[in-house]
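# Summary of structural features
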Amino acid sequence: MRLVITQNVTADGAVEMLDDWFDPGDQDPELAAETRRQDESCDAVLLGRQTFEDFRGYWPQQTDDTTGVADQLNRVRKYVITTTLTEPGWQNTTLLAGDPIEEVRRLKQAPGNDMVLTGSITLAHLLIVEDLADEYRMFVYPYLQGRGRRFFPDGYACRLELADQRRFGAVSYLSYLPRR
């Protein structure tokens, strides 16, 4: 499987949501359609423990979700990097307690299309530094937060190749491939 890191990000690069700049239930219809299109090639979701717990506490209860995200997350295989959880409490979830780098390398060897990591900033930074990401997808929101953790970790440098770009209302979508 390919590792795709997909994040909602502010115009100044923040992924950590410290202000109210993103609402998962309030999406432009064309942006929601793009998310569903990307879901077609998503065979698995990779999450850190904190993001998993946040998702598990929110998405399964969204019975009126028109974006399709709830259905996708309830259906798709979920892998969670954790040393503390012992019971997933959400269907189709596998807890991975080993070394995160080795666990992800092993998952990447499995057959399939995309394994998407979203949120999980600490895990994302670890995998970025190890050059394990095959694609970076950014949904850029017109907001300057001025603080918070960024898409890429401090000090990381890599040349990127633009693979795709689109605009959904005020949100810009950018997809980059790392050039190694």
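Look above for the structure.
The text that follows walks through the structure, step by step, so that each part is easy to find. Bear in mind that the values here come from a model prediction, so they are computed numbers and not experimental data.

## A few points about the side chain of Glu103
Note on placement: Glu103 falls in helix H4 (residues 100–109). Overall, the relative accessible area of 12% leaves Glu103 in the buried class. Those residues within four positions of Glu103 in sequence are excluded, and the remaining contacts are Ile81, Leu96, Ala97 and Gly98.

## Concerning the nonpolar core
Ranked by size, the top nonpolar core spans 28 residues in total, and within it Leu3, Ile5, Leu46, Met115, Leu117, Leu127 and Tyr136 carry the most contacts. Within the residue set of this core, elements represented by two or more residues are strand E1 (2–10), strand E2 (42–48), strand E3 (77–81), H4, strand E5 (114–117), helix H5 (121–129) and strand E6 (135–141). Residue contributions to this core peak at five residues, all from H5. Look past the residues within four positions of Leu117 in its chain and what remains in contact with it is Leu3, Val4, Ile5, Thr6, Gln7, Leu46, Leu123, Ala124 and Leu127. By size, the runner-up hydrophobic cluster in this structure holds 15 residues, among which are Phe55, Ala70, Leu73 and Trp90.

## As for the pattern of salt bridges
Across all of its chains, the model carries 16 salt bridges by this definition. Residue Arg147 is joined to Asp19 by a salt bridge in which the shortest nitrogen-to-oxygen separation is 3.1 Å. A residue pair is termed long-range when its members are at least 10 positions apart, and Arg147 in the loop between E6 and strand E7 (159–168) and Asp19 in the loop between E1 and helix H1 (29–39) qualify at 128 residues. Here Arg147 falls in the partly exposed class, since its relative accessible area comes to 40%. Residues joined by salt bridges that share partners form a network here, namely Arg2, Asp114, Glu135 and Arg137.

## Here we look at the sheet that holds E3
To summarise the sheet geometry, strands pair through backbone hydrogen bonds and adopt either a parallel or an antiparallel arrangement. Pairing in this open sheet of eight strands is mixed, and the strands run E4-E3-E2-E5-E1-E6-E8-E7 from one edge to the other. The sheet is open, and its two edges are formed by strand E4 (93–96) and E7, each paired on a single side. Ignoring strand direction, the axes of neighbouring strands in this sheet form an average angle of 25°. When E2 meets E3, the two strands line up parallel, connected through five bridges.

## Description of H4
Residues spaced three or four apart along an α-helix face the same direction, because each turn holds 3.6 residues. Considered for burial, the residues of H4 that qualify are Ile101, Glu103, Val104, Leu107 and Lys108. Burial along H4 is one-sided: seen end-on, the buried residues are contained in an arc of 165°. Against E1, E2, E3, E4, E5 and H5 lie the buried residues of H4. One side-chain oxygen at the N-terminal end of H4 lies 3.2 Å from the backbone nitrogen of Ile101; it belongs to Asp99.

## Some points on H1
Residues Leu31, Ala32, Glu34, Gln38 and Asp39 constitute the buried set of H1. Burial along H1 is one-sided: seen end-on, the buried residues are contained in an arc of 155°. Residues of H1 that are exposed and point over 90 degrees away from its buried face: Pro29 and Glu30. Residues of H1 that are buried make contact with E2, helix H3 (69–75), E6, E7 and strand E8 (171–179). Its side-chain oxygen at 2.8 Å from the backbone nitrogen of Glu30, Asp28 defines the N-terminal cap of H1.

What counts and what doesn't
Counting restarts for each chain: residues are numbered from 1 in the order of the written sequence. This being a predicted model, a pLDDT of at least 70 is required before a residue's local features are given, and a value of 80 or more before pairs of side-chain atoms are given or counted; all residues contribute to the totals for chains, interfaces and linings. Side-chain numbers here rest on the full set of heavy atoms in the structure, without hydrogens or water. Put simply, DSSP marks the helices as runs of H or I at least four residues long and the strands as runs of E at least two long, and each gets a number from the N terminus on. Burial status follows relative accessibility: with a 1.4 Å probe on protein chains alone, a residue under 20% of its type maximum counts as buried, one over 50% as exposed, and anything between as partly exposed. In what follows, residue pairs with any heavy atoms lying within 4.5 Å of each other are defined as contacts. Here the nonpolar core consists of buried residues drawn from Ala, Val, Leu, Ile, Met, Phe, Trp, Tyr and Cys, with membership extended through side-chain atoms lying within 4.5 Å. The working definition used for a salt bridge is a side-chain nitrogen of Lys or Arg within 4 Å of a carboxyl oxygen of Asp or Glu. Two strands qualify as a pair provided that DSSP identifies no fewer than 2 bridges between them. A fitted line through C-alpha atoms serves as each axis, taken over the contacting stretch for helices, and the angle formed by two N-to-C directions is quoted from 0 to 180°. Each C-beta atom gives one direction from the helix axis, and the arc is the one those directions make. Counting of polar contacts relies on pairs of N or O atoms within 3.5 Å, with two restrictions inside protein: one atom must be capable of donating a hydrogen and the other of accepting it, and residues adjacent in sequence are counted only when both atoms are side-chain atoms.

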